[in-house]
Structures are given as structure tokens and as C-alpha cells.
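Analysis of the macromolecular model
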Amino acid sequence: MKISRTTIRSALTPRGLEHWDKKLGFGNRVEIQAWQTAKYALRAVQATGSIGRIEQRIEILQAGPYFGARRANIALRETEGRLGIIEKAVDASKDAILILDDNGRVTSWNHAAEEMFGYTKEEALGHDLHSLIAPERYHADFQRVFPKFRETGSGPGLGKTLEVTARRKDGTEFPVELSKSAYKIGNHWYAIGIVRDVTERKQIEQRLKLLEAAVMHTADSIVITDYRGLIQFVNPAFCEITGYSAKEVVGHNPRILKSGLQDETFYKVLWATITRGENWHGILHNRRKDGSIYIEEATISPVKDENGKITHFIGVKRDVTDREKYRLELEKTIAKLESIAYGLAHDLKGPIGRLANLVGWIIDDFGSALPEDKMNDMQGHLEILKTQAKRLQGLIDDLVDYARSKSRSKSERMDLRQFIQEMVERDLPAPTGLELVVPQATLEISTYKNNLWRVLYNLISNAIKHHPSPENGRVEVAWRAIDNNWLEITVADNGPGIDPMYHERIFRFLETLNREEVEKRGYSSSGIGLATVKEIINDLGGTIRVESSLEHGAKFIFTWPREI
């Protein structure tokens, strides 16, 4: 039985062929000593162009032509099987793997190449690689260097990884990372290219460059520490503000900036907050390298890994020394003005009250003594004077309240329900028929009585005087505990409601709605009451908002400390 020469020889390197011919012979019979073995390194190129390196051990028994041919066929089948495995591995790669022959034509094109460039294997095989995937501006260079590669297997970029631009079937260009190598089979050189799409990586790098530029050029001080709190990075703004160089602070704890003006409890709370994984925001009083004090508004945030473990802390801080200085000066100025306003209002309150009373007496005692033709006119004028005097008196009362909005009396313990009932009965004589609803359950709180009185008095009196028919009105006061420290108190009415466009405006100083209508019914409307309410609540750390729409009543909701 004759063994086909091409069957075996096509799979052997020149060295393998020489070894086969000299050692084992080739012909109709294969005659070697029993159990004699030889080990050959075989390299084969399949029709698809895949290159595989196979270490194949061939064992041939002393036998006739049938057994020798059978052994050779087994070896070839094993070779083909291993080449198939290699081809599947290449096709499964996430990188495009390309092979071109010494004419620049594609001989191998894996699945990743199809996905990356848009050409199917059938469209790519046998075609000039560079005309398929290289932008036209690269073609001249390729034509210049490829002849040398065809002859010697050498050229620029071989054995290296380069970043170049590739082109898809649709003409779009994108960045790739290209690794090239050369291999000779027989008398022909082949080039193997491994191509990786780095579009996403380039985008990330670009974002990192922008972020780095922002960090390095921002006027805010940026400090990055490890999970222990040791400084890993500071930006130029930090160095400019503190006077320390990066070299002087990296590896140290930020406590080198401590001024001593904030106690250990302050820093314990800060550290406990960020190590819980929460952001901390506040004011830091720090000391520069030269010993001077500066004030920073800081936000410190934890950075976590994919498992949720804190790895770093980032502090972004802004020098607000001048702002705080101006703020303190402004507060002092406002306090002086408030004191002056309070004194003036207090001094005017008595005379204006007496004027209002005097006008009332004139109307009562002398109105009937006026000539009949003058009586109506004079009474009308006096009524106007009386109304304006009362309005001025109410305005002064409101100004006094506003000026005292930040003043606090001693905290007192009381029952909230009883406090509201007494306030309404004593200070808010409501129209007959008005329904006031207060929870039946008692609630003990410790608070500033005068401040809470001003808030509730303004909200409930507003509900009454803005109702078109208060004798049919309903005001409901309710509360609920948010936590151990805060209450949410609600004052709701069934009045005409407030257009949402005015929800923010009504808390502004001297802002009021329906003033003329309200004053026609004998109520004052200065536009100071709700501004006073907001000032008091905000000063205690609470918030206030309104929920309302036209014809559906109004609900004022504010938070109030439960224990002061």
C-alpha cells in the first residue's frame, strides 16, 4: 500500500521533511525498528489560513505497508484535530486576529474581526487588507514598506504594539491597538495582526484628562486621603491656600491643619460620619503653615470599591474667610438695625394706639353733635382715620415681632394641645361658627413658648382673616413625630386656597395677597407675618412650606424641634 507523499509532506517543515527522508525513508514500505519513536515539530497552514504549531509524536512499529500508512493517517488526523481546536480558540477571541500573505491579502479573519470592522469572513478573505480597514492616508506608507516585508519579513512596527486608526465598512474611523508579528512558511512570509478596539478606553482617558485638568486648575482645595485618613494627593489650590507643598503633606494626616478652635468632639462627629459611608458638609477653621487662621467650607465624601468597602476620602474645600468675615459684620449691622427698628416701633406703638382710640372716642362722643349736612362726611373721614391708625398699629406690632424673631426666651416644658387651645381662646377670638380642630392626645414638648406662639398665631390668624366667610371656616392643627428630635406641625384651612405661583412669594418681607379685601373686613395685612414665621422656623433649623391650590384651602407644614 502506497502512502501519498503530499499527505505527509504538506504538513512538515523543511527540517521535518529532511528528517523524515533521511531517517525513516519514504516509499512503498516503512521499515524501522519496532517501537522506534521520533518527535517532530509540525507546522501547518490550513485552507482558512489558520497557523498552528503542533508537537506530534509519531510511533511506527516494524510492520508492513498497511500498518505504516495507518500510523501516518492517525498522526495526520490528530494534527487536523489540534488545528481545529486552535482555529476555534482564535475565532472565540474578543480581539480581531488577522493574517495576510506576502501579497497583502487576507488569509484569516476571525469572528471578532467581523464584529469590529463590519466585513464578513467571505467578504474579507482574499482581499487586500489595507484597502479594507486602513484609512487612505496610510496606503502610501504601506506600499513603500511592504516589499521589504515580502522579501525579509521585517518592517516598522513588527514585534510592537502600536496605537493607530482603523476604518469600518461604513467608513467610520476608530482608534485601535495593533500588535504585529511575522512568520515564514516555506519561502513565504505571513503577517499576523491582533487588533483591539480602544474607543472606550480612549473616551475614559479623555474624561480622566478633563477631570485632571479641572482638579489641577480649580480654585477649590482638593485633598485625597486613603481609608486611614493619610493624605495621598493635594492639588495646587491646596498648596496656595495652606502654604504647604505637596511633598510636605503627602503621607501625613490632615490634622496638621487643625487650628485648635474646634474641639475633639467636632472631629469625632466628622470622622464617624464619613466612615459610615456618608458625606460630611460643614465649616472648618484651619491654620496655614505661617500660623494664620483661615475658614473653609468643606465637603468630604467616601470613595468605595466594587464591594462597597471604603478605600479613599475626597475633600473639596473652599476658602470662605472673607465671606465669613463679611457675614459676621453684616449680622452685627443687622442686629443694630433690628435693635433700632424695635426701639422705634416700640416707641411708636403707644402713640399710634392712643390715636386710634382717640378717633374712636370722637366718633362716639361728638359724631351726633355735628351739623346734619356735615355729619356723614365727617364720620366717614374719621372712620378712615381710625382704620388707618389701626392698620399702622398692626404694622408696628408686626415689625416688633419680626425684629424679635431671633430672640429666644427660656425653654419651657408644656403640653402642645393645651397651649394651642389657650392661645386661640385668649388671643384669637374667632368668629362664631369657626371650627378649630386640635388632636385630642396630649404631647409634652420643651420649647421657646414665645417663638412658637408667634408662628401658630400668624398661621391660624391668616387662615381666619383670609377666609371669605370665616364664620363657616375650619382650621385644623395636627402634628406627628418625624423622629425623637423633630415634629412636623400642620395648620390647614378650608379657605380660598393659594395659587401655586405665589407659594414662594408669600414668605417674602412685605409680600401679601388680597390686602384690600382683607382690610375691608376689618383685618390688617402687613405682609410681615409669614416672613416672621419663616425667620423663626429657619433660625431653629426647621423648614416651612405650603401645599395649596385655588378653591382647595391651604396647608402650611413646618418642622419644629421637640426638645430645646
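The preceding data block contains the structure.
I will try to describe carefully the structure that is included in this document. Remember, it's a predicted structure, so these values are computed and weren't measured experimentally.

Further remarks concern the overall build of the protein chain. Of regular secondary structure, the protein chain possesses 17 helices and 19 strands. Looking at the 564 residues of the protein chain, the share that counts as buried comes to 36%. The contacts of the protein chain with a sequence gap of at least 6 include a subset with a gap of at least 24, amounting to 57%. Taken as a whole, the protein chain presents about 33200 Å² of accessible surface, with 53% of it coming from carbon and sulfur.

To continue, consider the layout of surface pockets. Any space left empty among the atoms is revealed by the rolling of a water-sized probe across them. Estimates place the volume of the second largest pocket at around 760 Å³. As for the second largest pocket, its lining consists of 33 residues, of which H130, F142, P156, L178 and K180 are closest to the centre. Secondary-structure elements contributing two or more residues to the lining of the second largest pocket are strand 3 (96-100), helix 6 (129-133), helix 7 (139-152), strand 5 (161-167), strand 6 (173-185) and strand 7 (188-197). If one sorts the elements of the lining of the second largest pocket by residue count, helix 7 sits on top with six residues. Here the lining of the second largest pocket is built from residues that sort into 23 nonpolar, seven polar and three charged.

The strand order 14-16-17-19-18 describes an open sheet built from five strands, whose pairing is mixed. Edge positions in the open sheet fall to strand 14 (435-437) and strand 18 (544-548), since each of these has one partner strand only. Averaged over neighbouring strand pairs, the angle between their axes works out to 15° when direction is ignored. Alignment of strand 16 (residues 474-481) against strand 17 (residues 486-493), held across seven bridges, turns out to be antiparallel. Bridging across to strand 17, W479 finds its partner in I489. Sitting on the sheet, helix 14 (residues 416-427) touches strand 14, strand 16 and strand 17, and the angle it makes with strand 16 is about 160°. Contacts between helix 15 (residues 449-465) and the sheet are confined to strand 16, strand 17 and strand 19 (554-561), with strand 19 contributing the most and set at about 175° to the helix.

How each quantity is defined
Residues numbered from 1 in each chain as written. Predicted model: local features only at pLDDT ≥ 70, side-chain atom pairs only at ≥ 80, totals over all residues. Heavy atoms only, no water. Helix = DSSP H or I, 4+ residues; strand = E, 2+ residues; numbered from the N terminus. Buried < 20%, exposed > 50% of the residue type's maximum accessible area, 1.4 Å probe, protein only. Contact = heavy atoms within 4.5 Å. Areas by Shrake-Rupley, 256 points an atom, 1.4 Å probe, with all protein chains shown as cover. 1 Å grid on protein atoms, 1.4 Å probe; cavity = no way out; pocket = protein on both sides within 12 Å on 5 of 7 lines; lining within 4 Å. Points joined across faces, edges and corners; volume = space filled by probe spheres on them. Nonpolar A, V, L, I, M, F, W, Y, C, P; charged D, E, K, R; others polar. Pairing = 2+ DSSP bridges. Axes fitted to C-alpha atoms, helices over the stretch in contact; angles between N-to-C directions.

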